[in-house]
Amino acid sequence: MLQALNESIKYIKNKIGDFNPEVGIVLGTGLGGLVNEIEIAHNIMYSSIPNFPISTLEFHSGKLIFGTLKGKKVVAMQGRFHYYEGYSMQQITFPIRVMKLLGIQYLFVSNAAGSLNPEFKKGDLMIITDHINLQPESPLRGLNNEDFGPRFPDMSQPYHKELTAKGLQIAKEQQITCHQGVYVSVTGPNLETKAEYKYLRIIGGDAVGMSTVPEVIVANHMGMPVFAISVLTDEGFPDDLKPVSLEEIIETASKAEPKMTQILSQLISSL
Ligand code: HPA
C-alpha cells in the first residue's frame, strides 16, 4: 500500500505545487454544497489519480478539491467510496491516508443517515459522538504499518470532544436543530427492514448509514482528530415505517445541507 500511496501523492503534489491543505473534508450523498464556499485552487478528478478508486455512483462527481475555506486551506472529497460498491475496506479508506500524507491535521466527515431515535426527525442534523461498526471487517485488517499507527488503536474517543462541543454551540447560536448521538454503520445497499431498524435502536444506535466508520477508524489509526455529522434523511421507526427512495434521501439531504454547511464552515474557520 505504501508504494501505491506514494504514487498517488507524487501525482497530486505535482498538480497542487506548494498548496498544503490543513483540513480534510469528506462530503456525503447530496451534501456537496460546501464546495460552493471554497475558493478553489485545484481540482483533480479521482479517475486521473493513480491507484485512486473511482466512484461507481453517478450522483457522486468524484473529485478532490483543493482550496481555501474561511481562510483555512482544505482538501475536500466530492464523492466517497462505499463498501457496497464492491471496494475493499482498504480501498474505501485509501483517500483518507492520502489526505493525511498530504498534511491534513483534522478530518471532517458528513453523511446522509436514517434516524433510529424517535426524537430525531427527518431533516434534522446529528453530530456523531460514537459509533457501532456493523460492517464486516475493519479497514485495519492485515499487516500493520507502524509508521501510520499502532496495531491496536484506541477507540475510546473516536470523535473529538471539543470539536463536538463547538459544533453543538454553533448550531445553537444559529438556531439549527442539531442532536448528538451514536451512528451505526451497515453495508447496504439495501435499506433496513422494520426488524432491523428495531434491532439497531435496541443495540444503541441513533442513526444508521452506509459509510463514515471505516474512514473514522483510519483517521484515528493515523492520530487525526475527527468531527462527523449526519443529515437525517429518513425515519427508521419500525412501528410506522414508510418506503424510502434514493430520490427522497437526496432531496432531504439537499434541503438540510445549507444548515450543515453553515456548521462545518464556521467550525473549520474557528480552528
Ligand atoms: N439506512 C441506511 N443507510 C441510510 C439510511 C437508512 O435508513 N438513510 C440514508 N442512508
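Please refer to the structure placed before this passage.
Structural notes, computed from the coordinates. (Residues numbered from 1 in each chain as written. Predicted model: local features only at pLDDT ≥ 70, side-chain atom pairs only at ≥ 80, totals over all residues. Heavy atoms only, no water.)

## Quick notes on the overall build of the protein chain
Link 1 in the chain: Of the regular secondary structure elements, the protein chain holds six helices and nine strands.
Link 2 in the chain: With the C-alpha coordinates aligned to their principal axes, the bounding extent of the protein chain is approximately 55 × 40 × 35 Å.
Link 3 in the chain: For the protein chain, buried positions account for 53% of its 271 residues.
Link 4 in the chain: Within the protein chain, contacts between residues at least 6 apart in sequence are counted, and of these 83% link residues at least 24 apart.
Link 5 in the chain: When the accessible surface of the protein chain is totalled, it reaches about 11900 Å², and 49% of it is carbon and sulfur. (Helix = DSSP H or I, 4+ residues; strand = E, 2+ residues; numbered from the N terminus. Buried < 20%, exposed > 50% of the residue type's maximum accessible area, 1.4 Å probe, protein only. Contact = heavy atoms within 4.5 Å. Areas by Shrake-Rupley, 256 points an atom, 1.4 Å probe, with all protein chains shown as cover.)

## Some thoughts on the layout of surface pockets
Link 1 in the chain: What the largest pocket holds in volume is close to 420 Å³.
Link 2 in the chain: Of all elements in the fold, only strand S5 (106-115), strand S8 (207-209), strand S9 (226-235) and helix H6 (246-269) reach the threshold of two or more residues within the lining of the largest pocket.
Link 3 in the chain: Per-element accounting of the lining of the largest pocket gives the leading share, four residues, to S5.
Link 4 in the chain: Of the residues belonging to the lining of the largest pocket, the class tally is 13 nonpolar, nine polar and three charged.
Link 5 in the chain: Each pocket or cavity is described by its volume, and for the second largest pocket that value is around 180 Å³.
Link 6 in the chain: Here the residues of the lining of the second largest pocket sort into seven nonpolar, five polar and three charged. (1 Å grid on protein atoms, 1.4 Å probe; cavity = no way out; pocket = protein on both sides within 12 Å on 5 of 7 lines; lining within 4 Å. Points joined across faces, edges and corners; volume = space filled by probe spheres on them. Nonpolar A, V, L, I, M, F, W, Y, C, P; charged D, E, K, R; others polar.)

## Looking at the site of the ligand
Link 1 in the chain: Around the ligand sit Ala112, Ala113, Gly114, Leu191, Glu192, Tyr197, Val208, Gly209, Met210, Thr233, Asp234 and Ile249, and that is every residue in its neighbourhood.
Link 2 in the chain: In this structure, Glu192 approaches the ligand through a side-chain N or O atom, which is 2.6 Å from a nitrogen atom.
Link 3 in the chain: Most atoms of the ligand, that is more than half of them, are within 2 Å of grid points of the largest pocket.
Link 4 in the chain: Counting residues per element, the shell around the ligand draws most heavily on S5, at three residues.
Link 5 in the chain: Within the shell around the ligand, the residues separate by chemical class into seven nonpolar, three polar and two charged. (Near = heavy atom within 4 Å. Polar contact = N/O pair within 3.5 Å; in protein donor to acceptor, adjacent residues only side chain to side chain. Sits in = over half its atoms within 2 Å of the grid points.)

## A word on the side chain of Ser230
Link 1 in the chain: Along the chain, the position of Ser230 falls in strand S9.
Link 2 in the chain: The contacts of Ser230, once residues within four sequence positions are left out, are Asn111, Ala113, Asp124, Leu125, Met126, Ile128 and Tyr183.

## A few points about the nonpolar core
Link 1 in the chain: The biggest cluster of nonpolar side chains holds 45 residues, and the ones touching the most others in it are Ile12, Leu64, Phe66, Ile96 and Leu107.
Link 2 in the chain: Breaking this core down by element, the ones donating at least two residues are helix H1 (2-16), strand S3 (63-69), strand S4 (72-78), helix H2 (89-101), S5, strand S6 (125-133), helix H5 (213-221) and S9.
Link 3 in the chain: Setting aside chain neighbours within four positions, we find Ile96 in contact with Val26, Met77, Leu107, Glu215, Val218, Ala219 and Met224.
Link 4 in the chain: Residues Ile65, Val74, Leu163 and Ile263 belong to the second largest nonpolar core, which totals 29 residues. (Core = buried A, V, L, I, M, F, W, Y, C linked by side-chain atoms within 4.5 Å.)

## Here we look at the pattern of salt bridges
Link 1 in the chain: For the coordinates displayed, the defined rule picks out six salt bridges.
Link 2 in the chain: A salt bridge links Lys255 to Glu251, with the nearest nitrogen and oxygen atoms 3.5 Å apart. Taken together, the positions of Lys255 and Glu251, both in helix H6 and four residues apart, correspond to about one turn of that helix.
Link 3 in the chain: Of the residues examined, Glu251 reaches a relative accessible area of 47% and is grouped as partly exposed. (Salt bridge = Lys/Arg side-chain N within 4 Å of Asp/Glu carboxyl O.)

## Remarks on unusual backbone geometry
Link 1 in the chain: The omega torsion of the bond from Gly188 to Pro189 falls at 0°, within 30 degrees of zero and hence cis.
Link 2 in the chain: Along the polypeptide, Pro189 turns up in the loop between strand S7 (178-185) and helix H4 (194-202).
Link 3 in the chain: In this structure, Gln175 takes a positive phi of about 55° despite not being glycine.
Link 4 in the chain: Residues other than glycine seldom take positive phi values, yet Thr212 does so here, at roughly 70°.
Link 5 in the chain: Within the fold, Thr212 resides in the loop between S8 and H5.
Link 6 in the chain: A residue is classified by how much of its surface remains accessible, and Thr212, at 0% relative accessible area, is buried.

## Section: empty space enclosed by the protein
Link 1 in the chain: Under the counting rule described, the total for this entry stands at one cavity of 30 Å³ or more.
Link 2 in the chain: The calculated volume of the largest cavity comes to roughly 30 Å³.
Link 3 in the chain: Residue composition of the lining of the largest cavity, grouped by class: five nonpolar, four polar and one charged.

## Quick notes on the packing of aromatic side chains
Here the distance between the centres and the angle between the planes together describe a pair of aromatic rings.
Link 1 in the chain: Inspection of the entire model under this criterion finds seven aromatic pairs.
Link 2 in the chain: Centroid distance Tyr46 to Phe52: 5.2 Å. Interplanar angle 40°. Geometry classified as tilted. Both residues of the pair, Tyr46 and Phe52, count as buried.
Link 3 in the chain: Where Tyr46 meets Phe81, the ring centres are 5.3 Å apart and the plane angle is 45°; that geometry is what we call tilted. Of this pair, Tyr46 sits in the loop between strand S2 (39-45) and S3 while Phe81 is found in the loop between S4 and H2, placing the two residues 35 residues apart along the sequence. Accessibility assignment for this pair places Tyr46 and Phe81 in one class, buried.
Link 4 in the chain: When the ring centre of Phe19 is taken as origin, the NZ or CZ atom of Lys73, which lies over that ring, is 5.4 Å away. (Phe/Tyr/Trp six-rings, centres within 6.5 Å; stacked < 30°, edge-to-face > 60°. Lys NZ or Arg CZ within 6 Å of the ring centre and 35° of its normal.)

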